[in-house]
Amino acid sequence: MEFDITKHSLTPKHTKLDSKEEEKFLEDTKYRKVHLPKVFLEDPSIQHLKPVVGDIIKIERKSPTAGVAYFYRVVSDE
Amino acid sequence: MIASPVFKKIDKIVFNALSPQMIKKMSSAKVVTPELYDKEGYPVDGGLMDVRLGVIDPGLRCATCGSRLKECPGHFGHISLARPVIHVKYIRTILSFLRGTCQECSHALMDEKKAKRYIKELADLRQIKPDIYWDKVRKVMAEMTKQTKCPHCNAKQNHVVLEKPTTFVEKETQLRISPIEIRSRFEKIPDEDCELFGLNAESLRPEWMVLTILAIPPVTARPSITLESGERSEDDLTHKLGDIVRINQRLFENINAGAPEIIIEDLWDLLQYHVTTFFDNNISQVPPARHRSGQPLKTLSERIKSKEGRVRRNLAGKRTNYSGRTVISPDPMLELFEVGVPMDMGTVLTVPEIVTEWNLEYLKKFIERGPKEYPGANYVIRPDGKKKKITEETKETAMEELEPGYIVERHIMDGDVALFNRQPSLHRMSMMAHRIKMLKYKTLRLNPAVCHPYNADFDGDEMNLHIPQTEEARAEAELLLSVKNHLISPRYGLSIIGCVQDALAGNYLLTRSDMKMPFNEAVSLLNNSNVTDFSGLPNKDTVTGKEVFSALLPPDFSFTGESKAIDLGETGKEVLIRKGKLTKGVMDSNNLGQGAGMMLRKLHEMYGPNTTIIILGNIFKLGIQMLMKRGFTIALSDMDLPKKVRDGINAALDGAEEDVDNLINSFHAGELKALPGRSRNETLELKIMERLNAARDETGNIVAENADPKSHTMIMAISGARGKLLNLAQIAGSVGQQALRGQRISGGFKGRTLSCFKEGSLTPASRGFIKSSFSGGMRPDEFFFQAITGRDSLMDTALRTPKSGYLYRRLSNAMQDLKVEYDNTVRDVSKKIIQFRYGEDSIDVSKSEGGKLDIAPILEEVQR
């Protein structure tokens, strides 16, 4: 039996920024990619996004303080 | 740019292992005899205390550098070992080398092409991604270990196992590989091959891990102490080195005399043991070397390691001067920001004051009074930095030579800044700056309202006092650490300092609508609580308590809130302050208390810390004065209930018992249906507990309704000064169910809790339900149940404290460098993002109300 973990209630929503969004994101926030947290290329919860090393993954988490909090991770192979 | 005074800059630091040649080169003496001193008490040549290794006796000169005690830094010596021994700290590396290199030709077990590729790869990795370098090395090593045949000479490889602590055995032949053999194998390993093991052959050749020569630390690193009896007591390291030298010499002699191999082997093992324990005396499977008294020796590793080691004891934490510590006690007449300092500390703790032409005469007076008479001075520091102690004899000369530029260390006086601290220093409020107030008697005094941030009580607690010694330190202490800047907790954004106990009860009674007093009494009340401005008080013959309280508030202060208690003649809990007048409601722990204090929070928001701390101090004192004027006491009769009420309580409890009996009967009859996801037993327990809790609440309500609200016990509970209604219910009504790990008490005997119950009994009484009250007295079995839970909670607190302490240590060490940057991200020192918005909502809790931003009142303010 295969289970789609992205449908699990404990898996937060992951989305991939496309190149335009990514450019805007980096420009708006002035974040540098090397300073962002990483996510494994093989991470099960991003497999459906067909990630490539260097992609930025946006994670939408529930937060007890803010309601919804956004996290960003850079796909990394190490 | 101005020329920088830096003429040598450290580019990098490399940690290397000492090579045998290096040890020999830096050695200034070869140690050959375990003797320390000759008959005259002079260090023996070639002994462990050799004068060439440095001096620790006053008067002697170092034979190496010619300097005296304290000038000579000490010099290393060496011992050449009769047979090589393994260095314990390299044991894992030695094992990987033995497994990864050929036992015949000593090449790495990998063909040349592959090896070359890996070496290049590793070198690159080290430059670009140092964080995964070691993972890669481990992988390469694993690959070599797997080989059973040498790719260079085709020799078959035996599997090497480590027999702890320090012997290596070939698994197939069960033969020991002697350190000599290991060394000779390692000597043949080519430099490049070392790279495959993550080793730079220039820094550490593999064969250096097998010791042939041992560096002896200088005498200055292991000084001996002379006891009062004139006897000398040597350092633990010297003892250990003595053992090594003694065995080493015996080994030499036996080898030279051609003794049988068994004897030599035994001595060799012994030498290995001594060298091992010299480095680390805490290795598993090695019995620690001990003193004659039986306590383990502290050798090299123990000197550095753990809490008592060099790092945490001497480098990360140090002892301080200008500090004091004693027992604390309360003094409600002190201001919140003051600390009472006993006179005995006053003559020891000092503040440096620079002499100018304007304070010359003033400071001369201090010197004149000397170190004994308060306020005097203990030291004078000349402009050249010479520090002179002031005594009865030197007083006169010190006063004469005093001129601008000198520094006088005068005794602390009222108003000086001091840091006040109580361990464990878990949050920033554990160390705050107070103003000194010199007092008689022997304890440090603090206002009971600041106990909460320090978590202090007066059952024998001690606290520390530090006196900042520079202008910068004083300024920083006042700006960042003073009590007034810590009224609001950064944890939950509410007042952490507030009224307690009698101050709460007093303010509750004062602001209740039945409080009226003549004008002159109100004035005296305010006067006693440090208020001198009575303009806030209405000019009437009789004033109400609310008006007295309002006299402390700023005239334009407005506040809407909710109290815990209900004012007499009111139905709601609303508290209203309009234009500095308390018009409705009572003041209690909801608005004045610590950890709540909504009114204090509002005051702080509107008028800032300086005003708030003064008002809070006044409110506190007013409450105490009020209670003193009125008188306050409790009696057992406070908890007495009329017979009718007691009957009502009993009826409620009986009803519960009957219901539980019915539940048990239906359970035994098989009629009780299990709840989803629970067994029938669990369902029964759940239902019983539910019913008994309801009974407890019911009795609690009966007690609350029928207890005399005028009784002082009730006043304390209502105002939040001390005790909860639950405590009252337990005293007057019923103690209730005793729970162990969330369950009713079970076990102890077979199928029952005590031998006075029937086996398998599930009745409330047999499972720890205490029907009696504290005032009525408990039955023996009930008493026992109470003791069970009492002991359990005692154990729990005793065990939890150290556990959570260590947890906190790990947490704070892991997060100590994290910082909120200007873009609201939380980042570490390398600017890596930890959190994208601080707390995920970018709210500074200390500037919010309970972690939330309430915009409505701000809008209202703006619109108006």
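Residues numbered from 1 in each chain as written. Chains lettered and ligands numbered in written order. Predicted model: local features only at pLDDT ≥ 70, side-chain atom pairs only at ≥ 80, totals over all residues. Heavy atoms only, no water.

> How would you summarise the overall build of chain B if you had to cite specific residues and measurements?
For chain B, the helix and strand inventory stands at 26 helices and 29 strands. For 864 residues, the compact-globule formula gives about 29 Å, and the C-alpha radius of gyration of chain B, at 38 Å, lies well above that figure. On the principal axes, the C-alpha backbone points of chain B span a range of 110 × 100 × 65 Å. Classification of the 864 residues of chain B by burial places 45% in the buried group. Once local pairs closer than 6 in sequence are excluded, the contacts in chain B between residues at least 24 apart make up 65%. When the accessible surface of chain B is split by element, carbon and sulfur atoms take 54% of a total near 47300 Å². Distance between charge centres in chain B, computed from 121 positive and 113 negative side chains, equals 3 Å. (Helix = DSSP H or I, 4+ residues; strand = E, 2+ residues; numbered from the N terminus. Rg over C-alpha atoms; globule rule 2.2 N^0.38 Å. Buried < 20%, exposed > 50% of the residue type's maximum accessible area, 1.4 Å probe, protein only. Contact = heavy atoms within 4.5 Å. Areas by Shrake-Rupley, 256 points an atom, 1.4 Å probe, with all protein chains shown as cover. Lys, Arg positive; Asp, Glu negative; His and termini not counted. Charge placed at Lys NZ, Arg CZ, Asp CG, Glu CD.)

> Talk me through the pattern of salt bridges; I want residue IDs and the actual numbers.
Residue and element names in this part refer to chain B. Using the criterion set out here, one finds 52 salt bridges over all chains in the structure. When the shortest N-O distance is used, the salt bridge between R474 and E471 registers 3.1 Å. Taken as a pair, R474 and E471 lie in helix α15 (residues 471-481) at a separation of 3 residues, close to a single helical turn. Of the residues examined, R474 reaches a relative accessible area of 16% and is grouped as buried. (Salt bridge = Lys/Arg side-chain N within 4 Å of Asp/Glu carboxyl O.)

> For the packing of helix α16 (residues 501-511) of chain B against helix α20 (residues 598-630) of chain B, give the residues involved together with the corresponding values.
All names here are of chain B. The contact between α16 and α20 brings their axes to 7 Å, and the two run at 75 degrees. By the angle between their axes, α16 is roughly perpendicular relative to α20. For the pair α16 and α20, the contacting residues are D502, A503, A505, G506, N507, L509 and L510 in the first and I619, F620, L622, G623, I624, M626, L627 and R630 in the second. (Axes fitted to C-alpha atoms, helices over the stretch in contact; angles between N-to-C directions. Parallel < 35°, antiparallel > 145°, perpendicular 65-115°, else oblique.)

> How would you sum up the interface of chain A and chain B? Please name residues and give values.
Listed per partner, the contact involves 15 residues of chain A and 12 residues of chain B. Summed over both partners, the interface of chain A with chain B comes to about 1200 Å²; 55% of that surface belongs to carbon and sulfur atoms. Of all residues in chain A, Y31(A), H35(A) and E78(A) bury the most surface against chain B, accounting for 44% of the area lost on that side. At the junction of chain A and chain B, the tally comes to 0 salt bridges. There are 3 residue pairs in polar contact (both at pLDDT 80 or more) connecting chain A and chain B. Class assignment for the residues of the side of chain A that touches chain B results in 10 nonpolar, 4 polar and 1 charged. (Buried area = accessible area lost by both parts, 1.4 Å probe. Polar contact = N/O pair within 3.5 Å; in protein donor to acceptor, adjacent residues only side chain to side chain. Nonpolar A, V, L, I, M, F, W, Y, C, P; charged D, E, K, R; others polar.)

> How would you summarise the side chain of D331(B) if you had to cite specific residues and measurements?
All names here are of chain B. As for its placement among the helices and strands, D331 is situated in the loop between β8 (323-330) and β9 (338-342). With no salt bridge to any partner, buried D331 finds its closest opposite charge in R445, at an N-O distance of 4.9 Å. A polar contact of 3.0 Å, which involves the side chain of D331, links it to the backbone nitrogen of M333. Those residues in contact with D331 that sit more than four places away from it in its chain are L439, R445, L446, N447 and P448.

> So what's going on with unusual backbone geometry? Residues and values would help.
Note that the residue after Y374(B), namely P375(B), is joined by a cis bond; omega there is -10 degrees. Examined against the element boundaries, P375(B) turns out to sit in the loop between α12 (360-369) and β11 (377-381). Cis geometry marks the peptide bond from Q423(B) to P424(B); its omega dihedral reads -5 degrees. By secondary structure assignment, the location of P424(B) is in the loop between β14 (417-421) and β15 (431-439). Positive phi is not limited to glycine here, since K30(A) has a value of about 60 degrees. By the element assignment, K30(A) lies in the loop between α1 (19-29) and β2 (38-40). Residue classification places K30(A) among the exposed positions, given a relative accessible area of 59%. One non-glycine residue with positive phi stands out, namely E840(B), at about 70 degrees. One can find E840(B) in the loop between β29 (833-835) and α26 (856-863).

> Can you explain the sheet that holds strand β20 (residues 559-562) of chain B? Please cite residues and give values.
All names here are of chain B. With antiparallel pairing, 3 strands are arranged side by side in an open sheet as β20-β21-β22. Sheet topology places β20 and β22 (581-584) at the edges, where each strand pairs with a single neighbour. Recorded for the sheet is a direction-independent mean angle of 25 degrees between the axes of neighbouring strands. With 4 bridges connecting them, β20 and strand β21 (residues 574-578) associate as antiparallel partners. Bridging across to β21, T560 finds its partner in L576. (Pairing = 2+ DSSP bridges.)

> I'd like a description of the domain arrangement of chain B, backed by residues and values.
The extent of an interface is frequently quoted as the accessible surface area lost upon association of the parts. Annotation of chain B at the domain level lists domain 1 (85-207), domain 2 (235-318), domain 3 (323-486), domain 4 (501-630), domain 5 (637-794) and domain 6 (819-858). Inter-centroid distance (C-alpha atoms) of domain 1 of chain B to domain 3 of chain B is 62 Å. (Domains from an automatic or database assignment.)

> Describe the sheet that holds strand β13 (residues 407-411) of chain B, and please don't skip the residues or the numbers.
Sheet strands associate in pairs through backbone hydrogen bonding, adopting either a parallel or an antiparallel arrangement. All names here are of chain B. Here we have 4 strands laid out as an open sheet, ordered β10-β13-β11-β12, and antiparallel in their pairing. The open sheet is flanked by β10 (350-354) and β12 (387-389), the only strands paired with a single partner. Put simply, the sheet's adjacent strands are angled 25 degrees from each other on average, direction ignored. Sheet topology note: the β11/β12 ladder contains 3 bridges and is antiparallel. For Y379, the partnering residue across the bridge sits in β12 and is K389.

> Which residues make up the confidence of the model for chain B, and what are the values?
Looking at chain B as a whole, its pLDDT mean stands at 88, while 99% of the residues score no less than 70. For this predicted complex, the interface score ipTM comes out at 0.93, alongside a pTM of 0.77. (pLDDT = per-residue confidence, 0-100.)

> Help me get a handle on the environment of G405(B), residues and values and all.
Residue and element names in this part refer to chain B. Following the sequence through the fold, G405 ends up in the loop between α13 (395-401) and β13. Assessed through its relative accessible area of 38%, G405 is described here as partly exposed. Between the alpha carbons of G405 and L363 there is a distance of 12 Å; along the sequence they are 42 residues apart. Here G405 is in contact with V355 and P383, once residues within four sequence places are set aside.

> So what's going on with the pairing of strand β4 (residues 67-76) of chain A? Which residues, and what values?
All names here are of chain A. Bridge count for β2 against β4 is 3 bridges, and the pairing is parallel. Opposite F40, over in β4, you have S76 as the bridge partner. With antiparallel pairing between neighbouring strands as the criterion, strand β3 (residues 56-63) and β4 make up a hairpin whose turn holds 3 residues.

> Could you give an account of the nonpolar core, with specific residues and numbers?
Taken as a class, soluble globular proteins show a tendency for nonpolar side chains to be buried jointly. All names here are of chain B. Ranked by size, the top nonpolar core spans 74 residues in total, and within it L465, V548 and M599 carry the most contacts. With 12 residues, α20 is the single largest residue contributor to this core. There are two domains that each give this core at least three residues, and those are domain 3 (323-486) and domain 4 (501-630). Residue contacts for L465: discarding those within four places in its chain leaves Y322, S323, G324, V339, V341, M345, L349, A418, L419, F420 and L444. One finds L95, F97, V137 and L162 within the second-largest nonpolar core, a separate group that totals 39 residues. (Core = buried A, V, L, I, M, F, W, Y, C linked by side-chain atoms within 4.5 Å.)

> Lay out a positive patch on the surface with the relevant residues and their values.
Residues and elements named next belong to chain B. Among the surface-exposed residues, K298, R310, R313 and R319 lie close enough to one another that they form a single positively charged patch. Residue position: K298 is located in the loop between α8 (261-279) and α9 (300-304). Since its relative accessible area comes to 42%, K298 is described here as partly exposed. (Patch = residues over 30% accessible without salt bridge, like charges linked within 9 Å, V, L, I, M, F, W, Y side chains within 5 Å.)

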